[in-house]
Number of protein chains: 2
Amino acid sequence: MAVTIKDVAKLANVAPSTVSRVIANNPRISEKTKRKVRKAMNELGYHPNFIARSLASKSSDVLGIIMPRSGDGSFLNPFFPTVMKGLSQAAHDDRLGLQITTGITEEEIYDEVEKMVHGGRVDGLILLYSKVGDKVLHYLREANFPFVVIGKPFEYESSISHVDNDNFQAGKDVAKYLLDSGHTDIAFIGGNADLVVTIERIKGYEAALKEAGIPMRNEYAIHEDFMLEGGKEAVKRLMELENSPTALIVADDFMSLGVLNMLDELGKDVPGDISVFSFNNVLLAELSKPPLSSVDINIESLGYQAVKLLLTRIKEPGSPAMRMIVPYQLVIRSSVAKMNK
Amino acid sequence: MAVTIKDVAKLANVAPSTVSRVIANNPRISEKTKRKVRKAMNELGYHPNFIARSLASKSSDVLGIIMPRSGDGSFLNPFFPTVMKGLSQAAHDDRLGLQITTGITEEEIYDEVEKMVHGGRVDGLILLYSKVGDKVLHYLREANFPFVVIGKPFEYESSISHVDNDNFQAGKDVAKYLLDSGHTDIAFIGGNADLVVTIERIKGYEAALKEAGIPMRNEYAIHEDFMLEGGKEAVKRLMELENSPTALIVADDFMSLGVLNMLDELGKDVPGDISVFSFNNVLLAELSKPPLSSVDINIESLGYQAVKLLLTRIKEPGSPAMRMIVPYQLVIRSSVAKMNK
DNA sequence: GTGAAAGCGCTAACAC
DNA sequence: GTGTTAGCGCTTTCAC
C-alpha cells in the first residue's frame, strides 16, 4: 500500500484530482493526459485504495449477503451455493464485492446487519431467505436501507423489492400433476413452517386439492426438521396411517433425500409404492436414487436478478419497490409414477 | 451514517480522541468518562464507521475468501458450504468480516486477488483449494501478503501457512481397509488431477497397494470430471475390464454420488458387486443410497483453523509459516462389504 | 487521564 | 481540461 495517487500525480506531472479522474475514466480528461497518467500508474505499479475511495465517495461497491442462521443445517442446503453462484456472477459483472454474514444465531445476525448498515462497508443487502416476522427485515425497512429479499416478504410485500418464483402456482401445478397422474392421497412435507416459501407451496397444494374436490387431511401436512429424528418419526407415522398417501410433495430437494432414505428404511419402493415430487431441482435431484422429479425454480437466476434489483435500488433511492418473478419448470424424473386405479 | 464521533464527543463534553479510546476500550480512560461517553453514544444511536476506521488504522478486519473458479461445478460441491461454516464461526468469534471472490475464470480471480491485496479491503486471504502451479498462490507469496491455504501447497510447502489433513495417510488407510476386507482389485477414481488433495490421496492408495505387494494397474486410476459425460464413460470402461475391480475409492462424496448412479445404471449392486469408499463425509454421504463409507476430514474444523492461523499471520507478520494437520476418521457405512474369497 | 492536531488516500466542489 | 482545496470519520502521536 505504498504508492498513492499523489505519487502517480507527481510522476505524470498532473494534479491528484486528475489522476482520480483518469481512474474514473472521466470523459473530460484528454486522451493524451489519460495515456500519460496510465503510463505513470503502470510504472509505479499503482492500485487504488478502495477504503480511501469509499470514505470519500460514501459508497463501498460492496453488497452484503444475509445468510439464514447457520445454527441448524439450513446453511448446508445446496440452495445456498447455487444462489451464491448467481449472486457472484452478477456482482462480478458490475465489479462489486460480496460480503457475507457470519452469525450463527438470529441475534448475532441482527447485530451484524446493524453494523453493516451503519458501518458503511456495504451499499446494500440481500436477504437469502424470507420468513414470518423477521426482525432483520423490519429493521432494514425502518432504517430505509437499500435491500432486496430472495423470496416473498411475509408482510409489506408491495413496498419491499424482491425476486421470487410463483411458489403458490408451483405448488398447485405439482399437486395437479399428481392428481392428473391418478393420485388422490397426496401428502405435503414441509420443513420449517416459518419460511414463506413453504407456506406458499403448501397453499398451492391445498388449492389444487380443493379445486379437485378432495378434502384436506390435517395428518397429511407435516412440518418437521428433516435433519433431525423428529422428521423420521413424522414420515413413519404418515406411512402407518390406514389411508397412507400414494404421493408425497416435499418442499425441498435436500429434504427429499432424507425422505427417500426413510422410505427405503420402511421398505417402501419409490415410485412403485409411493411417488415423490420435490422442489428446487438442485444438482442433487438428478443424482439421487431414484432421480427426483422436481420444480426447477432457477435458483441461479434468483441470485442474479437480486443483485440487479438491488443495484437499481441503490442508484435510485427514491424508486418504487420492484417485484421480479422468475419462471419455473416441472422437471419430471423417475420418482413419480402414474397411479393405477 | 449521520452521527459521528464528533457528535458523541460534543454531547459527552470530551474530545473526539477520547470517544475513539472508549470505542477501543482503552484502559487509560477512567470508568467515569467511559460511562459518560457510552451514554452519549446510546442517546445518539452512534455506530462507528468501519471505513473511516480502516483508513486511519490501515486494517479492515475483513478476511478474503478465495473460491475455486466457479466455471465448472466445483463451486457446488458441498465441501464449500461446509468449510464456510467453519470459517464463519471463527470469523464471527473474532468479529471479522468475510468477503468472497466472485470471479468465474482463473484470470478473473487473479485480478480480484490483485485488487484485494492492494485495495486495503482485506487484511488477509484464505485459499479454499490447492492445485498445481496456481498463479494466485505464487502472486500472494511474492507480494508477501498474509494468506493461508486449506490443503497442502504443491510447492513451498514449508514457507506457506496451511491447514490440511494427512491425505496421503488417509488414502493409504482406506486402501488398507479394503485390502483387509479381502479386496485386491481396487480402483481409484479422482476428479481434477491438478488438485493436490487428489494427488495425495491417490499416492496413499498406491503406497498401500505396493506394501501389500499388489501391482498398480494404470487402467485402475481414473481422472475425469464427473459432472460430465466423460466421467460416465470412464466408469463404464472400468467396469467392462475383464478384471473389473471389486472396490472403488472415490476422491470425493459428491463424485461418489455420480459414481453410485452410474453403477446403478450398469446394473451393479453396491456393495454386493462392488464396494465404494469415499472421502470428505459431507452430510450427503449419510443420505445417499446406500449410505457411503467415507473419510471424515473434519471440513468445518479446516475452515475454523484456517482463520485462526491467518490471524496469527496477520498479527505477527514476521512469524514463520505454520502447518496445521487436522485429524480424520474412517466412517464405515453400508457401501462397503467384505470380499468372500 | 484527556485534548489538539495531523493525516490515512481518495473524491468532488469550485475555480480558472 | 486541469488544478486547488476542503473534507470523508476515524486513529494516533504528542502534549500536558
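Everything numeric in this text was worked out from a predicted model, so none of it was measured. (Residues numbered from 1 in each chain as written. Chains lettered and ligands numbered in written order. Predicted model: local features only at pLDDT ≥ 70, side-chain atom pairs only at ≥ 80, totals over all residues.)

A. Spatial organisation of the overall build of chain A. When helices and strands are tallied, chain A shows 13 helices and twelve strands. For 341 residues, the compact-globule estimate of 2.2 N^0.38 gives 20 Å, and the C-alpha radius of gyration of chain A, at 25 Å, exceeds that figure by more than 25%. When its C-alpha atoms are laid out on the principal axes, chain A stretches across 85 × 40 × 35 Å. Classification of the 341 residues of chain A by burial places 50% in the buried group. Taking the intrachain contacts of chain A between residues at least 6 apart in sequence as the baseline, contacts between residues at least 24 apart amount to 71%. (Helix = DSSP H or I, 4+ residues; strand = E, 2+ residues; numbered from the N terminus. Rg over C-alpha atoms; globule rule 2.2 N^0.38 Å. Buried ≥ 20, exposed ≤ 12 C-beta atoms within 10 Å, placed from the backbone. Contact = placed C-beta atoms within 7 Å.)

B. Expanded view of the nonpolar core. One finds I126 and L127 of chain A together with I126 and L127 of chain B to be the most contacted residues of the largest nonpolar core, which totals 180 residues. Setting aside residues no more than four positions away along its own chain, I126 of chain B makes contact with L63, I65, I66, L87, F147, V148, I150, A306 and L310 of chain B. (Core = buried A, V, L, I, M, F, W, Y, C linked by C-beta atoms within 7 Å.)

C. Structural detail: the relation of the copies chain B and chain A. Between chain B and chain A, which share one sequence, the superposing operator has a rotation angle of 180 degrees and an axial displacement of 0.0 Å; the RMSD is 0.1 Å. Expressed as an axis order, the relation between the two copies is that of a two-fold axis. Considering only C-alpha atoms, the residue of chain B closest to the rotation axis is Q99 of chain B, which sits at 2.1 Å. Interface overlap between copies is the fraction of interface residues in one copy that are interface residues in the other; for chain B against chain A it reaches 100%, indicating a shared surface. (Least-squares fit on C-alpha atoms with pLDDT ≥ 70 in both.)

D. Focus on the interface of chain B and chain A. Each partner contributes to the interface: chain B provides 43 residues, whereas chain A provides 43 residues. Looking at the side of chain B that touches chain A, the elements that each hand over two or more residues are α4 (50-57), α5 (79-93), β2 (97-100), α6 (106-119), α11 (253-265) and α12 (283-287) of chain B. At eight residues, the largest contribution of residues to the side of chain B that touches chain A is made by α5 of chain B. Taken together, the residues that form the side of chain B that touches chain A break down as 18 nonpolar, 19 polar and six charged. (Nonpolar A, V, L, I, M, F, W, Y, C, P; charged D, E, K, R; others polar.)

E. Summary view of the protein's contact with DNA strand D. Lining the immediate environment of DNA strand D, one finds 27 residues, of which S17 of chain A together with I5, S17, S20 and A56 of chain B sit closest. At the level of secondary structure, the elements contributing two or more residues to the surface near DNA strand D comprise α2 (16-23) and α4 (50-57) of chain A together with α2 (16-23) and α4 of chain B. When the residues that make up the surface near DNA strand D are grouped by side-chain class, the tally is 15 nonpolar, nine polar and three charged. (Near = placed C-beta within 6 Å.)

F. Molecular detail of the protein's contact with DNA strand C. Residues in contact with DNA strand C amount to 26 residues; listed here are only the nearest, I5, S17, S20 and A56 of chain A together with S17 of chain B. At the level of secondary structure, the elements contributing two or more residues to the surface near DNA strand C comprise α2 and α4 of chain A together with α2 and α4 of chain B. Classifying every residue of the surface near DNA strand C by side-chain character gives 15 nonpolar, nine polar and two charged.

G. Examining the sheet that holds strand β11 (residues 323-325) of chain B more closely. As summarised here, the arrangement of the twelve strands in space is β11(A)-β5(A)-β4(A)-β3(A)-β1(A)-β2(A)-β2(B)-β1(B)-β3(B)-β4(B)-β5(B)-β11(B), forming an open sheet in which the pairing is mixed. Sheet topology places β11 (323-325) of chain A together with β11 of chain B at the edges, where each strand pairs with a single neighbour. This sheet shows a mean twist of 20 degrees between the axes of neighbouring strands, independent of strand direction. Where strand β1 (residues 62-66) of chain A lies against strand β2 (residues 97-100) of chain A, four bridges are found, and the strand directions are parallel. Looking across to β2 of chain A, one finds that G64 of chain A is bridged to Q99 of chain A. Helix α13 (residues 299-315) of chain B contacts β1 (62-66), β3 (124-127), β4 (147-150), β5 (162-164) and β11 of chain B of the sheet and is inclined by roughly 160 degrees relative to β4 of chain B. (Pairing = 2+ DSSP bridges. Axes fitted to C-alpha atoms, helices over the stretch in contact; angles between N-to-C directions.)

H. Fine view of the sheet that holds strand β7 (residues 221-223) of chain B. Residues and elements named next belong to chain B. Pairing in this open sheet of six strands is mixed, and the strands run β7-β6-β8-β9-β10-β12 from one edge to the other. At either margin of the open sheet sits one strand with a lone partner, and together these are β7 and β12 (329-331). Taking the axes of each pair of neighbouring strands and ignoring which way they run, one obtains an average angle of 20 degrees across the sheet. Looking at chain direction, strand β6 (residues 186-190) and strand β8 (residues 247-250) are connected through four bridges and run parallel. What sits directly across from A187, in β8, is L248.

I. Structural context of the environment of I66 of chain A. Residues and elements named next belong to chain A. Within the secondary structure layout, I66 lies in strand β1. Taking the number of C-beta atoms within 10 Å as the measure of exposure, I66 has 24 and is therefore buried. When the C-alpha atoms of I66 and V113 are compared, they prove to be 7.9 Å apart, with 47 residues separating the residues in sequence. Apart from residues lying up to four places away in sequence, I66 is in contact with T101, I109, V113, L125, I126, L127, L128 and V136.

J. Seen up close, the packing of α4 of chain A against α4 of chain B. Two elements in contact, α4 of chain A and α4 of chain B, have axes whose closest approach is 9 Å; the angle formed by their N-to-C orientations is 135 degrees. What the angle tells us is that α4 of chain A and α4 of chain B run oblique. Seen from above, α4 of chain A lies across α4 of chain B with left-handed handedness. Contacts between α4 of chain A and α4 of chain B involve I51, A52, S54 and L55 of chain A from the former and I51, A52, S54 and L55 of chain B from the latter. For the contact of α4 of chain A with α4 of chain B, the residue count by class is six nonpolar, two polar and no charged. (Parallel < 35°, antiparallel > 145°, perpendicular 65-115°, else oblique. Left-handed = near helix turned anticlockwise from the far one by under 90°.)

K. Layout of the packing of helix α8 (residues 167-180) of chain B against helix α9 (residues 196-211) of chain B. Residue and element names in this part refer to chain B. In the contact formed by α8 and α9, the axes pass within 7 Å of each other and the chain directions differ by 40 degrees. As judged from the angle between their axes, α8 and α9 are oblique. As for how α8 packs across α9, the hand of that crossing is right-handed. Counting all contacts with α8, which are made through N167, F168, Q169, A170, G171, K172, A175, K176 and L179, the residues of α9 involved are V197, E200, R201, I202, K203, G204, Y205, A207, A208 and L209. Along the lines of polarity and charge, the residues of the contact of α8 with α9 split into ten nonpolar, four polar and five charged.

L. The arrangement of helix α5 (residues 79-93) of chain A in detail. Look at α5 of chain A: 22 Å from first C-alpha to last across 15 residues, which is about the 21 Å you get at 1.5 Å a residue. In terms of burial, α5 of chain A is largely enclosed, as 13 of its 15 residues are buried. (Expected span 1.5 Å × (residues − 1).)

M. Fine view of unusual backbone geometry. All names here are of chain A. Cis peptide bonds are those with omega within 30 degrees of zero, and the linkage from V270 to P271 qualifies with 5 degrees. Non-glycine residue Y156 carries a positive phi angle of around 50 degrees. With respect to the helices and strands, the residue Y156 is situated in the loop between β4 (147-150) and β5 (162-164). Residue Y156 is classed as exposed on the basis of its C-beta count, with 11 C-beta atoms lying within 10 Å. The phi dihedral of N280 is positive, around 100 degrees, even though this residue is not glycine.

N. Just helix α1 (residues 5-12) of chain A, in detail. Residue and element names in this part refer to chain A. Of all the positions in α1, only I5, V8 and A12 are classed as buried. Along the axis of α1, the buried positions cluster into a sector of 65 degrees, meaning they face one direction only. Where α1 is buried, its residues contact α2 and α3 (31-44). (Arc of directions from axis to C-beta.)

O. Broad picture of the pairing of strand β10 (residues 293-296) of chain B. Residue and element names in this part refer to chain B. Here four bridges tie strand β9 (residues 275-280) to β10, and the two strands are oriented parallel to one another. In the strand pairing of β10, N280 is matched with D296. Two strands pair when backbone bridges link them, and β10 and β12 are joined in this way by three bridges, in the antiparallel orientation. Looking at β12, one finds that D296 is bridged to Q329.

P. Molecular detail of the environment of L257 of chain B. All names here are of chain B. Looking at the element boundaries, L257 is found in helix α11. Residue classification places L257 among the buried residues on the basis of 27 C-beta atoms within 10 Å. Note: C-alpha distance between L257 and S60 (197 residues apart in sequence) is 41 Å.

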